[in-house]
Amino acid sequence: MSNLKGKHIILGISGGIAAYKSVMLLRLLVKKGAEVQVVITPNGKEFITPVTLSSLSGKPVVSEFFTANTGEWHSHVDLGIWADLMIVAPATASTIGKMANGIADNMLITTYLSAKEQVMVAPAMDLDMWRHPSTQRNIETLRRDGVIIVEPEAGELASGLIGKGRMEEPEKIAEAAERYFSRQEELHGKKVLVTAGPTFENIDPVRFIGNYSSGKMGFAIAEEFAERGADVVLIAGPVNVPLRAEGIRRIDVTSAREMRDACVSHFNDMDYVVLAAAVADYAPAEVSDVKIKREGTDGMTLHLVKNPDIAATLGALKKNQKLIGFALETDHELENALHKLKKKNLDWIVLNSLRDPDAGFMKDTNKVTVVGASGEVIDFPAKQKSEVAKDIIDVVVNGETE
Ligand code: C5P
């Protein structure tokens, strides 16, 4: 039985020749048990009639903001709340551009902006339009906004030209929807703790010791766990990155000690704990209540004391939790990472080398090697941090790569 049974799906249709394939997609989704509400753009109606679509979906097609003769208002907000998934197929270059930039001049876009759950887009256009930097920029924006892109195929296009831009086949789009829902159930009921970002150790009310960690890697891991259905607690140091996924409980902390306390108090009932934070190793022994003055001194000495090692603390408390740490090494990488894994009683350690131009702080990409307590060493190429998060979670959950 398909996992689309009983799911509420909005099928957004924009004005491309591939709209005829949306009829097949609609039939497939309905056959697999989904309840489908069609939202079509004014241009879409030039390609396919609402009568066909409403007959197949069993629901009136939504296109205008209100029905002209009765004045009945169509609520895109209610639709957005109702839906478990929104699929825009075909998505023309124009609709993709409007989605990426929030140009809400039709019912499809207002519905998109109100959609609370996942949105999936199946682009369809001519090869030059697909290749155009503006389309590619908009696609990238949608990806960053969390939209799943069902990539177009290469093949013969309506224009007679041959190239990439043809909308993916309805069967493949329906499979992508099924994949999304099964992924969402993968870690249902699992509890996950993630630390991210730097810690700031105060010197006085205006100064601190910190580091360049952006929090991007830890945030991507928390988001990926949440997308697979886990309950996530994210303990974040001072960072400035947006958090995407729903279902994440975020606790903001500043210092290593605060981070340690938050971690320890949540550790007991966790299944997976990923320590991606760059915790300061030392903190000033005393924090001045007033701003330290410069006058009268040629230099100053800060007396530092060692911070708690959160990973080692949790490693000593560990029962059934899987504990995953990170290591950033400049030399003897594998050897040092393995040593840390043993010393802190970790199950896995994710090694990223500062020597690699695609790895590390502030960047959107990372290149990691995941090392296991049983001697596994799995190398990955450089990827976007969101993709790296998927690889890491695949390894620690399944013990293997896909
Ligand atoms: O020992 P090192 O700092 O290289 O270890 C890195 C790993 O240990 C990371 O997972 C980091 O989050 C964690 N760590 C910690 N508490 C510290 C220092 C590092 O939990 N005080």
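For every chain, the first residue of the written sequence is number 1, and numbering continues from 1 along that sequence. In view of the model being predicted, local features appear only for residues whose pLDDT reaches at least 70, and side-chain atom pairs are presented and counted only at 80 or more, with totals across whole chains, interfaces and linings using the full set of residues. Note that water and hydrogens are dropped before the side-chain values are worked out from all heavy atoms of the structure.

Our focus in this paragraph is the overall build of the protein. Labels follow the DSSP assignment, with helices taken as runs of H or I lasting at least four residues and strands as runs of E lasting at least two, numbered in each case from the N terminus. Per the secondary structure count, the protein includes 14 helices and 21 strands. Taking the principal axes of the C-alpha coordinates as reference, the protein spans close to 80 × 50 × 40 Å. Each residue is placed in one exposure class: buried if its accessible area under a 1.4 Å probe, protein chains only, is under 20% of its type's maximum, exposed if it is over 50%, and partly exposed if it falls in between. Across the 402 residues in the protein, those meeting the buried criterion constitute 50%. It only takes one pair of heavy atoms within 4.5 Å for two residues to be counted as in contact. Relative to all contacts within the protein whose residues are 6 or more apart in sequence, the contacts with residues 24 or more apart total 66%. Summed over all atoms, the accessible surface of the protein reaches about 19700 Å², with 51% contributed by carbon and sulfur. Only four residue types enter the charge count, namely Lys and Arg as positive and Asp and Glu as negative; His and the chain termini do not. Charge positions come from single atoms, namely NZ of Lys, CZ of Arg, CG of Asp or CD of Glu. Between the centroid of the 46 positive side chains of the protein and the centroid of its 55 negative side chains there is a distance of 1 Å. Here the accessible surface of atoms and residues is derived via Shrake-Rupley with a 1.4 Å probe, and residues count as covered only by protein chains that are part of the display.

So, about the side chain of Ser 2. Tracing the backbone shows Ser 2 in the segment before strand E1 (8-13). Pairs of N or O atoms are called polar contacts if they sit within 3.5 Å, as long as, within protein, a hydrogen donor faces a hydrogen acceptor (for residues adjacent in sequence, only side-chain-to-side-chain pairs). Of note is the side chain of Ser 2, whose polar atom sits 2.7 Å from the side chain of Glu 178. Residue contacts for Ser 2: discarding those within four places in its chain leaves Lys 32 and Glu 178.

Nearness is defined per residue: one heavy atom within 4 Å of the molecule or strand is enough. Around the ligand, the neighbouring residues are Leu 275, Ala 277, Val 279, Asp 281, Pro 308, Asp 309, Ile 310, Ala 311, Gly 325, Phe 326, Lys 340 and Lys 344. Leu 275 places a polar main-chain atom, nitrogen or oxygen, 2.7 Å from an oxygen atom of the ligand. Within the backbone of Ala 311, one N or O atom sits 2.8 Å away from an oxygen atom of the ligand. Cavities and pockets were defined on a 1 Å grid built over protein atoms only: a cavity is a set of grid points that admits a 1.4 Å probe from which the probe cannot escape, a pocket is an open set flanked by protein on both sides within 12 Å along at least five of seven lines, and lining residues are those with an atom within 4 Å of any such point. Criterion for pocket placement: a molecule counts as inside a cavity or pocket if more than half of its atoms are within 2 Å of its grid points. More than half of the atoms of the ligand fall within 2 Å of the grid points belonging to the second largest pocket. Of all the elements in the fold, those that place two or more residues in the shell around the ligand are helix H12 (310-317) and strand E16 (322-329). Residue classes in the shell around the ligand are distributed as 7 nonpolar, 1 polar and 4 charged. Nonpolar residues are Ala, Val, Leu, Ile, Met, Phe, Trp, Tyr, Cys and Pro. Charged residues are Asp, Glu, Lys and Arg, and all others, Gly as well, are polar.

Quick look at the packing of aromatic side chains now. Centre distance within 6.5 Å is the pairing criterion for rings of Phe, Tyr and Trp, where only the six-membered ring of Trp is used; planes under 30 degrees apart are then read as stacked, over 60 as edge-to-face, and the remainder as tilted. In total, this model carries 3 aromatic pairs according to the counting rule given. For a lysine, the NZ atom is tested; for an arginine, the CZ atom; a charge sits over a ring if that atom is within 6 Å of the ring centre and within 35 degrees of the ring normal. Geometry around Phe 181 places Lys 7 over its ring, the cationic atom sitting 4.9 Å from the centre.

Considered as a void within the structure, the second largest pocket measures approximately 980 Å³ in volume. Those elements that place two or more of their residues in the lining of the second largest pocket are strand E8 (191-196), helix H10 (216-227), H12, E16, helix H13 (333-343) and strand E17 (348-353). The element contributing the most residues to the lining of the second largest pocket is E16, with 4 residues. Here the residues of the lining of the second largest pocket are counted per class, giving 19 nonpolar, 12 polar and 8 charged. Grid points are joined across faces, edges and corners, and a volume is the space filled by probe spheres set on the points.

This part covers the nonpolar core. The definition of a nonpolar core used throughout is a set of buried Ala, Val, Leu, Ile, Met, Phe, Trp, Tyr and Cys residues joined through side-chain atoms within 4.5 Å. Core analysis: the largest hydrophobic core is formed by 34 residues, its most contacted members being Val 194, Ile 221, Phe 225, Val 232, Leu 234, Phe 326 and Ile 392. Every element with two or more residues in this core is listed here: E8, H10, strand E11 (231-236), strand E13 (272-275), E16, E17, strand E19 (368-372) and helix H14 (385-398). Grouped together as the second largest cluster of nonpolar side chains are 32 residues, Ile 48, Ala 124, Val 150 and Ala 176 included.

Whenever a carboxyl oxygen of Asp or Glu lies within 4 Å of a side-chain nitrogen of Lys or Arg, that contact is scored as a salt bridge. Counted by the stated rule, this structure contains 25 salt bridges. The partner of Arg 228 in a salt bridge is Glu 186, with the nearest N and O atoms 3.3 Å apart. Of this pair, Arg 228 sits in the loop between H10 and E11 while Glu 186 sits in helix H9 (residues 170-186); the two residues are 42 residues apart in sequence, bridging distant segments of the chain. By relative accessible area, Glu 186 is classed as partly exposed at 34%. With a shortest N-O distance of 3.8 Å, Asp 231 and Lys 191 are connected by a salt bridge. Here the residue Asp 231 occupies a position in strand E11, and Lys 191 occupies one in strand E8, the gap between them amounting to 40 residues. On the basis of relative accessibility, which here comes to 41%, the residue Asp 231 falls in the partly exposed class.

Note on patches: the residues involved have over 30% relative accessible area and no salt bridge, like charges join within 9 Å, and the nonpolar side chains Val, Leu, Ile, Met, Phe, Trp and Tyr join within 5 Å. Together, Ile 17, Tyr 20, Met 24 and Phe 47 line one region of the surface with nonpolar side chains, adding up to about 410 Å² of accessible area. With respect to the helices and strands, the residue Met 24 is situated in helix H1 (residues 19-31).

Moving on, we get to the packing of H10 against H14. As a packed pair, H10 and H14 sit with axes 8 Å apart at the nearest point and diverge in direction by 60°. The angle between H10 and H14 falls in the class oblique. The two elements H10 and H14 meet at a crossing, and its hand is right-handed. Where H10 abuts H14, its residues Lys 216, Met 217, Ala 220, Ile 221, Glu 224 and Phe 225 lie against Lys 385, Ser 386, Val 388, Ala 389, Lys 390, Ile 392, Ile 393 and Val 397. Within the contact of H10 with H14, the residues separate by chemical class into 9 nonpolar, 1 polar and 4 charged. Angles run from 0 to 180 degrees between N-to-C directions of axes, and those axes are lines fitted to C-alpha atoms, restricted for helices to the stretch in contact. Each angle receives one of four descriptions, namely roughly parallel if under 35 degrees, roughly antiparallel if over 145, roughly perpendicular if within 65 to 115, and oblique otherwise. For a crossing to be left-handed, the near helix must be turned anticlockwise from the far one by less than a right angle; the clockwise case is right-handed.

Before going further, it helps to examine the sheet that holds E13. Spatially, E12-E11-E8-E13-E16-E17-E19-E20 is the arrangement adopted by the 8 strands of the open sheet, whose pairing is mixed. Each of the sheet's edge strands pairs with one partner strand only, and the pair in question is strand E12 (248-252) and strand E20 (377-379). For this sheet the average axis-to-axis angle between neighbouring strands, irrespective of direction, equals 15°. One requirement defines pairing of two strands: DSSP has to find at least two bridges between them. Bridging between E8 and E11 involves 6 bridges; their strand directions are parallel. Across the sheet, the residue bridging to Ala 196 is Ala 236, located in E11.

Our focus in this paragraph is the packing of helix H5 (residues 93-101) against helix H8 (residues 133-144). For the pair H5 and H8, interaxial distance at closest approach is 9 Å and the crossing angle is 50°. Between H5 and H8, the crossing angle belongs to the class labelled oblique. Here H5 runs over H8; the crossing is left-handed. Side by side, H5 and H8 meet where Ala 93, Ile 96, Gly 97, Met 99, Ala 100 and Asn 101 of the first sit next to Thr 135, Asn 138, Ile 139, Thr 141 and Leu 142 of the second. Looking at the contact of H5 with H8 residue by residue, the class counts come to 6 nonpolar, 5 polar and no charged.

Let us now look at the sheet that holds strand E3 (residues 85-91). The 5 strands lie next to each other as E2-E1-E3-E4-E5, forming an open sheet whose pairing is parallel. Edge positions in the open sheet fall to strand E2 (35-40) and strand E5 (148-149), since each of these has one partner strand only. In terms of strand pairing, E3 meets strand E4 (residues 118-123) through 5 bridges, oriented parallel. Residue pairing in the sheet places Val 88 in a bridge with Val 121 of E4.

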